[in-house]
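# Results of the structural survey
Listed below are the residues making up each chain.
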Amino acid sequence: MNVLITGASRGIGRATARLAGEKHWNVGVNYVRNEDAAKSTLEEVKTAGGQAMALQGDVSREKDVLKLFNSMEKVYGAVNGLVINAGITAQRMPLADMSLDRLKKMFDTNVLGSYLCAREAARRMPQARGGNGGSIVIVSSAASRLGASNEYVDYAGSKGALDSLTLGLSKELGPLRVRVNAVRPGLIDTEIHEASGDSERAIRLGKQTPLQRAGTADEVAEAIIWLLTPASSYVTGALVDVAGGR
Ligand code: NAP
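Scope of this entry: the structure provided in the associated data block. (Residues numbered from 1 in each chain as written. Predicted model: local features only at pLDDT ≥ 70, side-chain atom pairs only at ≥ 80, totals over all residues. Heavy atoms only, no water.)

With that settled, consider the pairing of strand β5 (residues 134–139). For β5, the buried fraction is high: six of the six residues fall into the buried class. Pairing between strand β4 (residues 81–84) and β5: four bridges, direction parallel. Its bridge partner being in β5, L82 is matched across the sheet by I136. Between the parallel pair β4 and β5, the chain is carried across by helix α4 (residues 100–124), and the sense of this crossover is right-handed. Of the strand pairs in this sheet, β5 and strand β6 (residues 178–185) are connected by six bridges, and their pairing is parallel. (Buried < 20%, exposed > 50% of the residue type's maximum accessible area, 1.4 Å probe, protein only. Helix = DSSP H or I, 4+ residues; strand = E, 2+ residues; numbered from the N terminus. Pairing = 2+ DSSP bridges. Right-handed = clockwise from strand over helix to strand, strands pointing away.)

So this is what it looks like as structure tokens:
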């Protein structure tokens, strides 16, 4: 499989890249600024048995997204797996205190960036458009159904848009042999929480979930990989919670 993973330099994207490597897949490792982290992901994929290339690009910029797909196709051929994972949070605060710049960045990265990546896959993956079919996995969040009040309702709303994208696009692309699903992680122990001003957030709040702990990036990656493979061949339009019962 030729799988392009956005935001694969760290966290959930990186864990997904490593598991894809174990399957001996060709992996496009997208990152925006952390080149060293992307390089260590490449090493992990190769050590695990896969092939990998680093793909710098900001998913909120159309020309960068086109470049990601074009560069990957040049080296490995048609992309038949896409993990739309790149995403950001921001400092905890009520909506009343959020600046326009913050809101724009949140929606540009999480919503526009994801839609641009999904659109590119919709243009390239269907056999009718010269592709080989495929599977798209969108990384949403449990926040889309919880709302993240007084933390980041903007982030929660950006993920709500991704749930809608999953439902709608799965119906557009199902007849074209492209499956579209989402995973909705809960409190996962990655560096993303540093942006909220509370790096221990996942560990602390994870204790209050039914499984009484934060999840790991690997546990989310397992679900993503399942949705990419034929093991999930009759699953499309699903929102798969990986949230410890939260
Ligand atoms: P993370 O550790 O902060 O990693 C974020 C990744 O996204 C990095 O590889 C980063 O690249 C990349 N990225 C950020 N902005 C980008 C942009 N504009 N263009 C391209 N890449 C960009 O985050 P994570 O916790 O693994 O989160 C991954 C996804 O899971 C996100 O969509 C997040 O919303 C979702 N999620 C996470 C949790 C959680 O508790 N961790 C829960 C629910 C959902 P650089 O290294 O170059 O900065």
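Having seen it, we continue.
Moving on, we get to the pattern of salt bridges. The full count for this structure, using the stated rule, is 20 salt bridges. For E44, the salt bridge goes to R18, with nearest N and O atoms at 2.9 Å. One end of the pair, E44, is in helix α2 (residues 35–48); the other, R18, is in helix α1 (residues 11–22), and 26 residues separate them in sequence. Assessed through its relative accessible area of 23%, R18 is described here as partly exposed. Because the salt bridges share partners, they merge into one network encompassing E62, E73, R119, E120, R123 and R124. (Salt bridge = Lys/Arg side-chain N within 4 Å of Asp/Glu carboxyl O.)

On to the packing of helix α3 (residues 62–76) against α4, then. Closest axis-to-axis distance for the α3/α4 pair is 10 Å, and the angle between their directions is 45°. Here α3 lies oblique to α4, going by the angle between them. Seen from above, α3 lies across α4 with right-handed handedness. Counted together, E62, V65, L66, F69, N70 and E73 of α3 and L116, C117, R119, E120, A121 and R124 of α4 form the full contact between these two elements. Residues belonging to the contact of α3 with α4 are distributed by class as follows: six nonpolar, one polar and five charged. (Axes fitted to C-alpha atoms, helices over the stretch in contact; angles between N-to-C directions. Parallel < 35°, antiparallel > 145°, perpendicular 65-115°, else oblique. Left-handed = near helix turned anticlockwise from the far one by under 90°. Contact = heavy atoms within 4.5 Å. Nonpolar A, V, L, I, M, F, W, Y, C, P; charged D, E, K, R; others polar.)

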